[in-house]
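Take a look at the letters that make up each chain.
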Amino acid sequence: MEKMKAALMYGPNDIRVEMVDKPACPKDGLILKIMAVGLCGSDIRNLTSDSRKGNYPFIYGHEIVGVVDEIGAEETKYQVGERLFLFPGTYCMECDDCISGHSENCTNVEKDLAGTGGFAQYVAVSAKKIQLGGIYKIPDNVSYDAASLGEPLTSVYACEENIGVGYDDTLVIIGAGPIGCFMAQLAKIRGAQKVIMIDINQTRLEMSKEFGVDEIINSANEDPIEAVRKLTCGLGADKVISANPSNSAQAQSIFMVKKGGLVVFFGGVPKGSMTELDTNYIHYNNIWIKGHFGASYMQSKKAYALAISDKFPTEKFITHRLPLDQINEGIELTRSGEAIKVVLFPQE
Ligand SMILES: [Zn+2]
Ligand SMILES: [Zn+2]
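Below is a short write-up of the structure. (Residues numbered from 1 in each chain as written. Chains lettered and ligands numbered in written order. Predicted model: local features only at pLDDT ≥ 70, side-chain atom pairs only at ≥ 80, totals over all residues. Heavy atoms only, no water.)

1. So, the overall build of the protein
To keep things clear, this is the line we draw: Where helices and strands are cited, they refer to DSSP runs of H or I of at least four residues and of E of at least two residues respectively, numbered from the N terminus. Each radius of gyration reported is based on C-alpha atoms, and the globular scaling rule is 2.2 Å times the count of residues to the power 0.38. The classification of residues rests on relative accessible area computed with a 1.4 Å probe and restricted to protein chains. Under 20% of the type maximum is buried, over 50% is exposed, and intermediate values are partly exposed. Asp and Glu are treated as the negative residues and Lys and Arg as the positive ones, with His and the ends of the chain left uncounted. In plain terms, the charge of a residue is placed at NZ if it is Lys, CZ if Arg, CG if Asp and CD if Glu.
Across its full length, the protein carries 13 helices and 15 strands. Computed over its C-alpha atoms, the radius of gyration of the protein comes to 21 Å, within 12% of the 20 Å expected for a compact globule of 348 residues. Overall size of the protein, expressed as C-alpha extent along the three principal axes, is 65 × 40 × 40 Å. Taking all 348 residues of the protein together, the buried fraction comes to 55%. In the protein, 34 side chains carry a positive charge and 44 a negative one; their mean positions are 2 Å apart.

Quick look at the structure:
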């Protein structure tokens, strides 16, 4: 059995880089040699909590790009040497949601087909995943690390497309993490007039100014609701996106939006936790509340195209490039807010 390097999770905060068996090439699939893999906010959440309920070891990592290393005898679509981006969604393309263009709501998602196993040197891609799609080629002039950002940009892209962020909008984003910075940059590309960023981390707030943020509010030092009102002539913002794991940020967000405005709960909060909402306020102010998760195949395709185009300053988001061996350092850099986006290189 050939061996490969992988970062195995043995439990919360227990991640070890070890040699494991290299996956065998499926006869109708392929083996991708992973050239870069992004470290995602959800990876951090999974790696630092008992996300597998004791079912370890496990290899996370879903922001996968690489080069085809082996082809099964029955696989005809791809060739050895092709550079590919793997979108982790695996939608059936047969249910009503899929055929109506909302594959993000697919009820027959093929779990375990893709979307994990990226913190390793190689990953097997099954025939089923190849058939369902969401695999895109990386042009020669695009770096692997830039292509890896297609995945995190995808759900951001889908969110702003779904709620129609555009010209005239004053947008509040709560959470100046990588996702918040993507949100801000994309909102500006879509024409938003003003982007207001709220966070408790001053370093992150200052960094977010690089990505189109017009005003920053440090909610550790001032009341973010009052501050938003002050910046919007007392009216509130058109749209508010809560892109952080805090229940209290969600509760506060409804007071930051104008009458008839829209609040999006983008970031997941700790599993099982409850957010207390003033529903009378929502009622009397005609506020819309929307959840957001994922993206359709079409949105993943468009977001990936944007990520690898020169319209989006993709490379600017990558603050740290580390070999896979330094994954624990990458986790710490992301947690502390020092890094915007960490990309890991399993072949180094
Ligand atoms: Zn991700
Ligand atoms: Zn479906």
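2. Quick word on the coordination of the zinc ion (ligand 2)
Here is the rule we go by: Excluding water, the donors of a metal are its N, O and S neighbours within 2.8 Å, or within 3.2 Å for Na, K and Ca, and that exclusion means sites may look incomplete. Think of it this way: with four donors and all angles in the 85 to 135 degree range, the site is tetrahedral; with four or six donors, opposite ones beyond 155 degrees and the rest between 65 and 115, it is square planar or octahedral; otherwise it is irregular.
Every protein donor of the zinc ion (ligand 2) is listed here as Cys 92 (SG), Cys 95 (SG), Cys 98 (SG) and Cys 106 (SG), and their distances to the metal cover 2.3 to 2.4 Å. Seen from the zinc ion (ligand 2), its four donor atoms lie at angles of 104 to 117 degrees, and the figure they make is tetrahedral. Positions of the donor residues of the zinc ion (ligand 2) along the chain correspond to the pattern C-x2-C-x2-C-x7-C. For the pair Cys 98 and Cys 106, one class covers both residues: buried.

3. A closer look at helix H5 (residues 150–162)
Where we set the bar: Multiplying one less than the number of residues by 1.5 Å gives the expected span of a helix.
The end-to-end C-alpha distance of H5, which contains 13 residues, comes to 18 Å, matching closely the 18 Å that a straight helix rising 1.5 Å per residue would cover. Across the 13 residues that make up H5, a large majority, 11, are buried. Gly 164, located one to two residues past H5, shows a positive phi value of around 60 degrees.

4. Let's talk about the pattern of salt bridges
Note the following rule: Note on definitions: salt bridges are taken to be side-chain nitrogens of Lys or Arg within 4 Å of carboxyl oxygens of Asp or Glu.
The full count for this structure, using the stated rule, is 16 salt bridges. A salt bridge links Asp 145 to Arg 321, with the nearest nitrogen and oxygen atoms 2.7 Å apart. In this pair, Asp 145 sits in helix H4 (residues 144–148) while Arg 321 sits in strand S14 (residues 318–323), placing the two residues 176 residues apart along the sequence. Judged by its relative accessible area of 8%, Asp 145 is buried. Accessibility expressed as a relative area gives 40% for Arg 321, which makes it partly exposed. One salt-bridge network, in which partners are shared between bridges, spans Glu 2, Lys 22, Asp 69 and Glu 70.

5. A short note on the nonpolar core
Using the following cut-off: Buried residues of nine kinds, namely Ala, Val, Leu, Ile, Met, Phe, Trp, Tyr and Cys, make up a nonpolar core once their side-chain atoms join them within 4.5 Å. The criterion used for residue contact is that any of the two residues' heavy atoms lie within 4.5 Å.
Within the largest apolar cluster, 55 residues are counted, with the highest numbers of intra-cluster contacts made by Ile 138, Leu 153, Ile 241, Phe 266 and Phe 317. Residue contributions to this core peak at six residues, all from helix H6 (residues 178–189). Residues contacting Ile 241, with those up to four places away along its chain left out, are Cys 159, Ile 163, Leu 171, Val 172, Ile 173, Ile 174, Met 183, Val 264 and Phe 266. Residues Met 4, Ala 6, Ile 135 and Val 342 belong to the second largest nonpolar core, which totals 39 residues.

6. Side note on the coordination of the zinc ion (ligand 1)
Perfect tetrahedral coordination of a metal by four donors corresponds to 109.5 degrees between them, and perfect octahedral coordination by six donors corresponds to 90 or 180 degrees. Only Cys 40 (SG), His 62 (NE2), Glu 63 (OE) and Glu 151 (OE) from the protein coordinate the zinc ion (ligand 1), and they sit 2.2 to 2.5 Å from it. Classification of the site at the zinc ion (ligand 1) as irregular follows from its four donor atoms and the range of 82 to 165 degrees in their angles at the metal. For the zinc ion (ligand 1), all donor residues lie on one chain, and their spacing in sequence is C-x21-H-E-x87-E. Separated by 23 residues along the polypeptide, Cys 40 in the loop between strand S3 (30–39) and helix H1 (41–48) and Glu 63 in strand S4 (residues 63–71) bring together distant segments of the chain. Overall, the relative accessible area of 12% leaves Cys 40 in the buried class. Assessed through its relative accessible area of 0%, Glu 63 is described here as buried.

7. Overview of unusual backbone geometry
Of note, the amide linkage connecting Tyr 56 to Pro 57 takes the cis form, showing an omega dihedral of 0 degrees. Topologically, Pro 57 is positioned in the loop between H1 and S4. Positive phi is not limited to glycine here, since Lys 53 has a value of about 50 degrees. Relative to the helices and strands, Lys 53 is located in the loop between H1 and S4.

8. As for the packing of H1 against helix H13 (residues 327–336)
Worth spelling out the cut-off: Simply put, an axis is a line fit to the C-alpha atoms, just over the touching stretch for a helix, and the angle between two N-to-C directions goes from 0 to 180 degrees. Orientation categories follow fixed angle ranges, with anything under 35 degrees roughly parallel, anything over 145 roughly antiparallel, 65 to 115 roughly perpendicular, and all other angles oblique. By convention, the crossing between two helices is left-handed when the near helix turns anticlockwise from the far helix through less than a right angle, and right-handed when the turn is clockwise. All residues other than Ala, Val, Leu, Ile, Met, Phe, Trp, Tyr, Cys, Pro, Asp, Glu, Lys and Arg, Gly among them, are scored as polar; the first ten of these are nonpolar and the last four charged.
Orientation of H1 relative to H13, taken along the N-to-C sense of each, is 110 degrees, at an axis distance of 10 Å. Viewed along their axes, H1 and H13 adopt a mutual orientation that is roughly perpendicular. When you trace H1 past H13, the crossing you get is left-handed. Of H13, the residues touching H1 (which contributes Ile 44, Leu 47 and Thr 48) are Ile 331, Thr 334 and Arg 335. In the contact of H1 with H13, the residues fall into three nonpolar, two polar and one charged.

Spatial relationships are all this shows, so hold off on functional conclusions.
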